[in-house]
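Tertiary structure, described
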Amino acid sequence: MNSNKQKWEYFGEQDPYFGVSTFDKFKSANIDDASKAEFFETGEEHIGKVIAEIRRVFDTDFSPSKSLDYGCGVGRLVFPLAKVSQDVTGVDISAPMLAEAVVNAERMGVSNVKFQSVDEFLANKEAKFDLVHSLIVFQHIEPKFGLELLREVILRMKVGGYGALQFTYEHVGTTAEKLRFRAYRDLPFVYKLRNIALRKKDEPLMSIYSYDLHKLLAVFREYAGDRIMMHFTDHGFLGVTIYFQRVK
Ligand SMILES: C[S@@+](CC[C@H](N)C(=O)[O-])C[C@H]1O[C@@H](n2cnc3c(N)ncnc32)[C@H](O)[C@@H]1O
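Predicted model only: the values in this text are computed from it and were never measured.

The rules behind these values
- Residues numbered from 1 in each chain as written.
- Predicted model: local features only at pLDDT ≥ 70, side-chain atom pairs only at ≥ 80, totals over all residues.
- Heavy atoms only, no water.
- Near = heavy atom within 4 Å.
- Polar contact = N/O pair within 3.5 Å; in protein donor to acceptor, adjacent residues only side chain to side chain.
- Areas by Shrake-Rupley, 256 points an atom, 1.4 Å probe, with all protein chains shown as cover.
- Helix = DSSP H or I, 4+ residues; strand = E, 2+ residues; numbered from the N terminus.
- Patch = residues over 30% accessible without salt bridge, like charges linked within 9 Å, V, L, I, M, F, W, Y side chains within 5 Å.
- Salt bridge = Lys/Arg side-chain N within 4 Å of Asp/Glu carboxyl O.
- Pairing = 2+ DSSP bridges.
- Right-handed = clockwise from strand over helix to strand, strands pointing away.
- Core = buried A, V, L, I, M, F, W, Y, C linked by side-chain atoms within 4.5 Å.
- Buried < 20%, exposed > 50% of the residue type's maximum accessible area, 1.4 Å probe, protein only.
- Contact = heavy atoms within 4.5 Å.

Let's talk about the site of the ligand
In the region of the ligand, 21 residues are neighbours, and Tyr70, Gly71, Arg76, Asp92 and Leu135 sit closest. With respect to the ligand, the side chain of Asn4 contributes an N or O atom lying 3.2 Å from a nitrogen atom. Here Asp92 contributes a side-chain N or O atom positioned 2.6 Å from an oxygen atom of the ligand. Taken by itself the ligand offers 590 Å² of open surface, and the protein chains cover 99% of this.

Structural data, given as structure tokens:
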């Protein structure tokens, strides 16, 4: 499941905020207090909508006790979750991302959060979360690993708990753009040549994968039955956020 660990350690070390949101203003060379505040504001807005949707569709009184943000990066979505949960666990594959998240928790004076590596997360099999959340993370994981991981996340939810997990299923672009992206992603030497030609440093590609919606829905059907609702997302790749309740 750790196929992309090296890449994310690189982004975490070099450019943790840009690694989360690829605007130039979030690059390490450019980010300042104002743009950092803006970065975290986007997280507040997102989590506000997620909680509102769960309350609107499933449970008007929903108030999570233990929340999980899977693929938490520097904590952008963990801190707003901490305002509505008793405690929050942020999990990430990248140690430098987690280190920056810890710094942010200290800077913001947030104490009801903890951060874990993927190995630590997988080692604890307790079904304790009543909210699991993930945004722009599974898209970076090869679907054969991502589907396996999805089950691991669901199995750590309480029966009756809710989830909002986002996945991509289609690249938007011309055929040429799609072919180029796939060549960069699946043939590492092609991407290396591109970096040499463009005199770029050995910067890894932020790979994005398309999930087969049939396979994805089969997993949700198994654990959520009909307690499922979807929102479409578009970050250049079309995606879905799947809201669901674990019923078994
Ligand atoms: C684009 S960032 C999004 C961070 C956060 N979800 C947010 O929206 O602010 C993707 C994050 O997923 C993490 N990641 C990538 N593969 C992962 C995996 N297999 N397990 C856990 N985290 C992973 C990366 O290290 C990175 O922090």
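Now that the structure has been shown, the text picks up again.
A closer look at unusual backbone geometry
One non-glycine residue, Ile136, lies in positive phi territory at about 45°. One can find Ile136 in the loop between strand E4 (129-134) and helix H7 (143-155).

Regarding a nonpolar patch on the surface
On the surface, Leu187, Phe189, Leu193 and Ile196 cluster together into a nonpolar patch covering about 440 Å² of accessible area. Position of Ile196 relative to the elements: it lies in helix H9 (residues 188-197).

Concerning the pairing of strand E3 (residues 113-117)
Of the pairings in the sheet, the one linking strand E2 (residues 87-92) to E3 comprises 5 bridges and is parallel in character. Following the sheet pairing, Thr89 is matched in E3 by Lys114. In terms of handedness, the path from E2 via helix H5 (residues 95-108) over to E3 forms a crossover that is right-handed.

Topic: the nonpolar core
Grouped together as the largest cluster of nonpolar side chains are 64 residues, with contacts concentrated most on Tyr70, Phe115, Phe138, Leu150, Phe220 and Phe244. With 6 residues, helix H3 (residues 33-57) is the largest single contributor of residues to this core. When residues no more than four places from it in sequence are discounted, the contact partners of Phe220 are Leu150, Ile154, Leu165, Phe167, Gly225, Ile228, Ile242 and Phe244. Formed by 6 residues, the second largest nonpolar core is a distinct cluster that contains Phe181, Tyr184, Ile208 and Phe237.

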